[in-house]
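Below, each chain spelled out in residue letters.
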Amino acid sequence: EPEVTQTPSHQVTQMGQEVILRCVPISNHLYFYWYRQILGQKVEFLVSFYNNEISEKSEIFDDQFSVERPDGSNFTLKIRSTKLEDSAMYFCASKPPGQPHSPLHFGNGTRLTVT
Amino acid sequence: AQSVTQPDIHITVSEGASLELRCNYSYGATPYLFWYVQSPGQGLQLLLKYFSGDTLVQGIKGFEAEFKRSQSSFNLRKPSVHWSDAAEYFCAVGGTDYKLSFGAGTTVTVRA
């Protein structure tokens, strides 16, 4: 069964550094999402993306965050200047078009540790 | 505003016993409801979903859930738990935009 793939599985970075989290959604999917889960807290919606633009974003998704679909297969989340509080598990998800009752398919996540 | 409450942080159950995980939601319209399971170091795997229709939905691994609109609940059940069911379980609610709100999760421990 096709899967959403996220790389790396674990990323350690220093505060203030830029980090890019990568995701390869399922090939025929056109709706893309990022969620995050700070340790011990709920999974939170960050952003949704469709047709090469952001559909919706949460309050968390401020100017230091950006998303991009640089080619036909990758979907990336960039954090420009990481803070300690950005440490979390980041989940990418995707969904096929034209199927309103098709659920999100999540990747295994990237654990980001900011030191 | 939409939200999910999972009242039980941690449940311990004996192998072979039944399991019920509670989920209460708040949503302004007809909700899409989901249960996901997360094993250590793994992603979120969908167990089952409810969109409309029959209020008792069947999922993978022998799980089922019942949507009760009057109680704003979507409780997850399994008649006989296996050791491999030890994991963290998340209930989630959303709409057609799939901007999901998750509960805090319930950790299930299975004892032999």
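Source: prediction; values computed, not measured.

Colleague: Is there a simple way to think about the pairing of strand E3 (residues 19-24) of chain A in this case?
Modeller: Side-chain positions along a regular strand alternate between the two faces of the sheet. Residues and elements named next belong to chain A. Because side chains alternate across E3, one face comprises the buried residues Val-19, Leu-21 and Cys-23, and the other comprises Ile-20, Arg-22 and Val-24, none of which is buried. The sheet contact formed by strand E1 (residues 5-7) and E3 spans three bridges and is antiparallel. Within the sheet, the bridge partner assigned to Thr-5 lies in E3 and is Val-24. The pairing of E3 with strand E8 (residues 75-79) spans five bridges and is antiparallel. Along E8, the bridge assignment pairs Val-19 with Ile-79.

Colleague: Please clarify how the packing of aromatic side chains should be interpreted in this entry.
Modeller: Each aromatic ring pair is specified by the distance between its two centres and by the angle formed by the two planes. This structure, assessed with the given rule, holds 22 aromatic pairs over all chains. Centre to centre, the rings of A:Phe106 and B:Phe102 are 6.2 Å apart; their planes meet at 75°, and the pair counts as edge-to-face. In this pair, A:Phe106 sits in strand E10 (residues 105-106) while B:Phe102 sits in strand E11 (residues 101-102), so the two residues belong to two different chains. The two residues A:Phe106 and B:Phe102 agree in class, both being buried. Here the aromatic residues A:Tyr35, A:Phe45, A:Phe91, A:Phe106, B:Tyr32, B:Phe34, B:Tyr36, B:Phe51, B:Phe90, B:Tyr98 and B:Phe102 are joined through ring pairs into a cluster of three or more.

Colleague: Sorry if this is basic, but what is going on with the environment of B:Leu19 here?
Modeller: Residue and element names in this part refer to chain B. Turning to its location among the elements, Leu-19 is positioned in strand E3 (residues 19-21). The class for Leu-19 is buried, based on a relative accessible area of 5%. Leu-19 sits 89 residues away from Val-108 along the chain, and the two C-alpha atoms are 9.1 Å apart. Excluding anything up to four places from it in sequence, Leu-19 contacts Ile-11, Val-13, Phe-63, Leu-76, Arg-77, Lys-78, Val-81 and Val-108.

Colleague: What is the right way to read the interface of chain A and chain B from this model?
Modeller: It is common to give the size of an interface as the accessible area that goes away when the parts come together. Each partner contributes to the interface: chain A provides 17 residues, whereas chain B provides 20 residues. Buried area between chain A and chain B, both sides added, is near 1,700 Å², and the carbon and sulfur share of it is 58%. When residues of chain A are sorted by the area they lose upon contact with chain B, A:Lys42, A:His101 and A:Phe106 head the list and together hold 30% of the total. For the interface between chain A and chain B, the tally reads eight residue pairs in polar contact (both at pLDDT 80 or more). In terms of residue count, strand E4 (residues 31-37) of chain A provides more of the side of chain A that touches chain B than any other element does, three residues in total. Among the residues forming the side of chain A that touches chain B, the class breakdown is nine nonpolar, five polar and three charged.

Colleague: When you look at the state of the cysteines in this model, what are you seeing that I'm missing?
Modeller: Note on terminology: disulfide describes a covalent bond linking the sulfur atoms of two cysteines. Within this structure, the stated rule accounts for two disulfides over all chains. Note that A:Cys23 is cross-linked by a disulfide to A:Cys92, the S-S spacing being 2.0 Å. Given an S-S torsion of about -65°, the disulfide between A:Cys23 and A:Cys92 has left-handed geometry. In this pair, A:Cys23 sits in strand E3 while A:Cys92 sits in strand E9 (residues 88-95), placing the two residues 69 residues apart along the sequence. Looking at A:Cys23, the relative accessible area reads 1%, which means it is buried. Under the relative-accessibility criterion, A:Cys92 is labelled buried at 0%. Here B:Cys23 connects covalently by a disulfide to B:Cys91, the sulfurs 2.0 Å from one another. An S-S torsion of about -60° defines the bridge between B:Cys23 and B:Cys91 as left-handed. With B:Cys23 in the loop between E3 and strand E4 (24-26) and B:Cys91 in strand E10 (residues 87-94), this residue pair connects regions lying 68 residues apart in the sequence.

What counts and what doesn't
- Residues numbered from 1 in each chain as written.
- Chains lettered and ligands numbered in written order.
- Predicted model: local features only at pLDDT ≥ 70, side-chain atom pairs only at ≥ 80, totals over all residues.
- Heavy atoms only, no water.
- Buried < 20%, exposed > 50% of the residue type's maximum accessible area, 1.4 Å probe, protein only.
- Helix = DSSP H or I, 4+ residues; strand = E, 2+ residues; numbered from the N terminus.
- Pairing = 2+ DSSP bridges.
- Phe/Tyr/Trp six-rings, centres within 6.5 Å; stacked < 30°, edge-to-face > 60°.
- Contact = heavy atoms within 4.5 Å.
- Buried area = accessible area lost by both parts, 1.4 Å probe.
- Polar contact = N/O pair within 3.5 Å; in protein donor to acceptor, adjacent residues only side chain to side chain.
- Nonpolar A, V, L, I, M, F, W, Y, C, P; charged D, E, K, R; others polar.
- Disulfide = S-S within 2.5 Å.

Worth remembering: the numbers are spatial, not functional.
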